[in-house]
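Residue strings, one per chain:
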Amino acid sequence: MVFGCGRTADIRTSSGEISYQIVDAGGNVIEMPGKPKRIVTLAASTDTIILGMLPTENLVAVNALLDDPVSSNIVKKAQKIPEKIKNPSAERILSLQPDLVIVPDWSDAVIVDSLRDLGLKVVVCKGPRSVAEVRETVRLLAKAIGEENKGSQIIAQMDEKLREIKNKVDKIPLEKRKTVVLISLMTSYGGIGSPFDDMCGYAGVINGAGAAGIKNGQVLAKERLIAINPDILILPMYNDHGTYDVESFYREFLEDPSLQTLTAIKEKRLYMPREGYMYNVSQDIVFGIQEIALAAYGKDFAQPADCHISVSGE
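Structural notes, computed from the coordinates. (Residues numbered from 1 in each chain as written. Predicted model: local features only at pLDDT ≥ 70, side-chain atom pairs only at ≥ 80, totals over all residues. Heavy atoms only, no water.)

With that out of the way, let us pick up empty space enclosed by the protein. Taken as a whole, this structure holds 1 cavity of 30 Å³ or more when the rule is applied. If you go around the largest cavity, the residues you meet are T41, L42, A43, D47, N63, I85, K86 and P88. Its residues assigned to classes, the lining of the largest cavity shows 4 nonpolar, 2 polar and 2 charged. (1 Å grid on protein atoms, 1.4 Å probe; cavity = no way out; pocket = protein on both sides within 12 Å on 5 of 7 lines; lining within 4 Å. Points joined across faces, edges and corners; volume = space filled by probe spheres on them. Nonpolar A, V, L, I, M, F, W, Y, C, P; charged D, E, K, R; others polar.)

As structure tokens, this is what we get:
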């Protein structure tokens, strides 16, 4: 019998391993013959969750951006894993000989079917859109790797950080709360239903795009941005290991004649965040929340680089 998204009673196999079942986000029942030792995940966020619970030796490949100091908060961990992947084929994944593959639900369903047809154990998880869904994903992946207690520890540390942020945010009067707009290279990201929108609530700021009724997946037109007239613009930092010219993007955007009436541009209230926090939908989303608060309210929310919630021992 399977109990919800959890495990069945443990069964010891002839090899001495404890076998168990899990139910993934797609409702699939996966039989695990024991704790996986060679894991591949198909997203930077799920890499980060697993590396928060297990040593680097258990992940046989890592997302190609995780050793980029602009885009990652776990560069040192990622550098220990030689194999880097971006959009691997099913055959490429098979060649890594994983005993567990973790796939977010935004991935192409065809690859999930292909991997299962190749005989691989595949767990589908949510691509989180909120802090609550990050917790849900951490719980699921902890069960998938047979480390439920570590998942609980990760969540406890997340909640502790959120309480710390809330204690500071609660001291900011409502009339002094700032309106921010995220200018992303993903031009339809940041509205209602996005992780960023949820993060803004915890950070004590108003997401200008969300307040204007713009949903995630809709592009924020210049006319709407001018109407919102945010206090602060959060700009991208992404450069893909130095191969993308983000400075050119700044020049084109900030010198646009139609945007010169924006308060944030006139008063140079422009914030270039740590991308490794801002777009992070792992347990480290809490540091992204603090990064937004730092953009809006300054030094009271200062934090060091490379913060990472981990109980892996590394």
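What follows is about unusual backbone geometry. What is expected of a backbone is that most residues other than glycine have negative phi and most peptide bonds are trans. Positive phi, close to 50°, is recorded for D240, a residue that is not glycine. Backbone geometry places K268, a non-glycine residue, at a positive phi of 55°. Within the secondary structure layout, K268 lies in the loop between α11 (263–266) and β12 (270–271). (Helix = DSSP H or I, 4+ residues; strand = E, 2+ residues; numbered from the N terminus.)

All right, on to the environment of V311 then. Mapped onto the secondary structure, V311 falls in the segment after α13 (285–297). Look at V311 and you get buried, because its relative accessible area is 18%. Through-space distance from the C-alpha of V311 to that of N216 is 33 Å; in sequence the pair is 95 residues apart. Excluding residues that lie within four positions of it along the chain, V311 makes contacts with G52, M53, K150, Q153, I154 and Q157. (Buried < 20%, exposed > 50% of the residue type's maximum accessible area, 1.4 Å probe, protein only. Contact = heavy atoms within 4.5 Å.)

With that settled, consider the packing of helix α7 (residues 195–203) against α13. The interhelical angle for the contact between α7 and α13, taken along N-to-C directions, is 65°, at an axis separation of 9 Å. The two elements α7 and α13 meet at a crossing, and its hand is right-handed. Each of F196, M199, C200, Y202 and A203 in α7 lies in contact with α13, whose residues at this interface are I285, G288, I289, I292, A293 and Y297. Partitioning the contact of α7 with α13 into residue classes produces 10 nonpolar, 1 polar and no charged. (Axes fitted to C-alpha atoms, helices over the stretch in contact; angles between N-to-C directions. Left-handed = near helix turned anticlockwise from the far one by under 90°.)

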